[in-house]
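# Tertiary structure, described
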Amino acid sequence: MLAIAKASLLNLLRNPSSIIFGLVFPLVMVGIFGFVGNSGIKIKVGVLPRTNTESPIYTAFSESDSIELITDKTEEELTTDLEKGKIDATLDIHSIDPDCGMNADCVGARSQIAVYVKTSDASPQNGGVFLSMVKSITDSINIAVAKTTPLVSVSTENLAGREYKTIDFILPGQLGFSVLSIGVMGTAFTFLSLRQTLVLKRFYATPIRRGYIVLGEALSKLAFSLLQTSVIIAIGTLALGFTLVNGIVTFFAMMVLVALGLIVFMGVGFVVSSIAPNENVVAPLANLFTLPQFLLAGTFFSTDTFPAWLQVISKALPLTYLNDALRKIAFEGASFWDVRTQILVLLIWGIVIYIIAIRVFKWE
Amino acid sequence: MTEKRKIIEVKHLTKKYNGLTAVKDISFDVYQGEIFGLLGPNGAGKTTTLEIMETLREETEGEVFIDGFSINTDPGKIKEIIGVQLQQAGFYPSLTLIESLKLFAGLYNVDVKPEVLLEKVGLLDKAKVSFKKLSGGQKQRFSIATTLVNTPKVIFLDEPTTGLDPQARRNLWDLIKALRKDDTTIIMTTHYMDEAEVLCDRCAIMDEGKIIAIDTPDHLIDGLLGKGFKRERKVKEATLEDVFIDLTGKELRDE
């Protein structure tokens, strides 16, 4: 079995198109968005007058390079600007209990802080990114708060240091998508070609058990994918400022999630390669699964600005959860337990897919 | 004639596909150390028969024993002692020949010296070339090299020279004859009758799924002449193929 893994990996590495699509393409995308994100893109957020500007959430935003806060307009003016797309979102932060404020005596439910964000169709991309940032920051706060009381003020310092850049959004999305591509397209085409060139048939005449052939191939794809992930994260972190909250630990956590995602998506590849009657059908069939997720799973832009019915579809897609989990791990330092919902969804997808794949797999 | 051991026994083999019967109740034996040919036109059922014997296809009825092992109960043991050359089989295209051979050594769980095998088939100078860069004849020769990895008792060749030019064919014939050392048995299919005449000790002629004759080529030809057959054209001592080879030289050329 190892013999096959090694041979398959060598074959893969020597194939120029797999290097291009596997490594160069995602790197280019990350690079583009990384550079673009670091220089110039500013998200314009209008701050409603009644916002509590002493809140650490507000502080985090005001200190962020990519956010421009507009504080001198009335609510009506801001609403109009939002509708026209002159600003990307409006922000309103205040305590739920008006008597509370930032008083440390206020604990429990009374001290809950509400963050209101309004976005508009006129600027969905930036609005979406901003929403993600808000969610990210508030999630971090909530995670920190769950561990200690009282509240928000505890985590202020951590926040300001960690700037949420566009690349923090894009890179996990690119990783997720690469995993999807290699898993589905890579596997589907590999097995199609092995079947067609009768390589598989030749293997079958040897004593090796059929399952080991599949495992060997899977192993080689896993190795390639992890290699690719390492390169992308390394370049992202060292050259483009991607945030790895807990350093090496985060790196390994992401690798684990990448491996999980890859295994799930390879199952889809097996199914596609088995049910496609000929090679012309493989690409469209694989794309049927891949493209919607490319667009709708939060790869390039957040799903938060989608209309509700589209969000339902997004929530059904496995890539959404993979991207989510990757982002949470990378930026918020979430542990596996914290992203257990995402992992669970991926696992369920995986089990269903593999049941189908085992029924349907063809050797010839 | 010395009593030779039967290494393959095929008994009442039948294969049906969805209403089409490709192989119709055929039986034959193969003796150890001989080159046995399955001849016939395309669609005669030769490849199907071969694939059943190679444990790649399931029979509908009948039994096949190779070295005493049944394809139904002990396919794994059979796979260990046979070498298989498929028609137009491929290998991982970007691997070098040595790497591919090492892969097969891994699949059979044996140690192998790739250079030795490559030398046997005359491809030592291509050891580090990737498979996709070989010519048709070289690919076929490499394919045969892979059958030798596990020093098999039986080698199956499916139309080994189809698609090759005359020089490559001749060279492959020499190679196949050399394979016979160490009492290896060779079963091959072909639709080239001249090839069968040159190579086979005995052959079975198949047509439409049935075996219509089994014997040595000499006996078969004598049998035909005995019926009063006369060739239409006078056969010369040499053929056009001989002319070509004489003019261009017997050495194989890289394409």
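Let us look at the structure shown here. Predicted model only: the values in this text are computed from it and were never measured.

Residue and element names in this part refer to chain B. Taken in spatial order, the six strands of this open sheet run 6-7-8-3-9-10, and their pairing is mixed. Edge positions in the sheet fall to strand 6 (82-85) and strand 10 (210-215), since each has one partner strand and no second. Averaged over neighbouring strand pairs, the angle between their axes works out to 15° when direction is ignored. Across five bridges, strand 3 (residues 35-39) lies against strand 8 (residues 185-190) in parallel orientation. Of the residues in strand 8, the one forming a bridge with L39 is T190. Strands in contact with helix 5 (residues 136-147) are strand 6 and strand 7 (154-158); relative to strand 6, the strand with the most contacts, it is inclined by about 165°.

Quick look at the environment of B:V30 now. All names here are of chain B. Along the chain, the position of V30 falls in strand 2 (residues 20-31). V30 gets classed as buried once you count the C-beta atoms within 10 Å, which come to 23. When the C-alpha positions of V30 and K4 are compared, they lie 9.6 Å apart, and in sequence the two are 26 residues distant. The residues touching V30, leaving out its near neighbours within four places in the chain, are K6, I7, I8, F36, T185 and I187.

A few words now on unusual backbone geometry. All names here are of chain B. At D67, a residue that is not glycine, the phi angle is positive and equals roughly 55°. Here D67 shows up in the loop between strand 4 (61-66) and strand 5 (69-70). D67 gets classed as partly exposed once you count the C-beta atoms within 10 Å, which come to 18. The backbone of T151 shows a phi angle near 35°, a positive value even though the residue is not glycine. Among the secondary structure elements, T151 is positioned in the loop between helix 5 and strand 7.

This part takes up the interface of chain A and chain B. Contacts between the two partners involve 20 residues from chain A, matched on the other side by 20 residues from chain B. The set of elements that each furnish at least two residues to the side of chain A that touches chain B consists of helix 1 (2-13) and helix 8 (199-204) of chain A. It is helix 1 of chain A that contributes the most residues to the side of chain A that touches chain B, seven residues altogether. A per-class count over the side of chain A that touches chain B returns 12 nonpolar, five polar and three charged.

This part takes up the packing of helix 5 of chain B against helix 6 (residues 166-178) of chain B. All names here are of chain B. Where helix 5 contacts helix 6, the two axes come as close as 10 Å, and the packing angle between them is 10°. With respect to helix 6, the axis of helix 5 lies roughly parallel. Contacts from G137, Q140, R141 and I144 of helix 5 reach helix 6 at A168, L172 and L175. Grouping the constituent residues of the contact of helix 5 with helix 6 by class yields four nonpolar, two polar and one charged.

Counting residues in each nonpolar core, the largest one holds 145 residues, and the members touching the most others are A:V45, A:V184, A:I329 and B:F156. Considering each element in turn, this core owes the most residues, 14 residues, to helix 7 (residues 166-196) of chain A. Both of domain 1 (2-36 + 165-360) and domain 2 (43-161) of chain A provide at least three residues apiece to this core. With near-sequence residues (within four places) excluded, A:I329 lies in contact with A:T250, A:A253, A:M254, A:L257, A:A334 and A:V339.

What follows covers helix 11 (residues 279-296) of chain A. All names here are of chain A. Its 18 residues give helix 11 an end-to-end C-alpha distance of 27 Å, which sits within 8% of 26 Å, the value for a rise of 1.5 Å per residue. Along its length, helix 11 shows its largest kink, about 40°, at L288, and proline P292 lies within four residues downstream of that point. Along helix 11, the residues classified as buried are V282, A286, F289, T290, Q293 and L296. At the exit of helix 11 stands G298, carrying a positive phi of roughly 75°.

Each value, and the rule that gives it
Residues numbered from 1 in each chain as written. Chains lettered and ligands numbered in written order. Predicted model: local features only at pLDDT ≥ 70, side-chain atom pairs only at ≥ 80, totals over all residues. Pairing = 2+ DSSP bridges. Helix = DSSP H or I, 4+ residues; strand = E, 2+ residues; numbered from the N terminus. Axes fitted to C-alpha atoms, helices over the stretch in contact; angles between N-to-C directions. Contact = placed C-beta atoms within 7 Å. Buried ≥ 20, exposed ≤ 12 C-beta atoms within 10 Å, placed from the backbone. Nonpolar A, V, L, I, M, F, W, Y, C, P; charged D, E, K, R; others polar. Parallel < 35°, antiparallel > 145°, perpendicular 65-115°, else oblique. Core = buried A, V, L, I, M, F, W, Y, C linked by C-beta atoms within 7 Å. Domains from an automatic or database assignment. Expected span 1.5 Å × (residues − 1). Bend = angle between axes of the 7 residues up to and from the residue.

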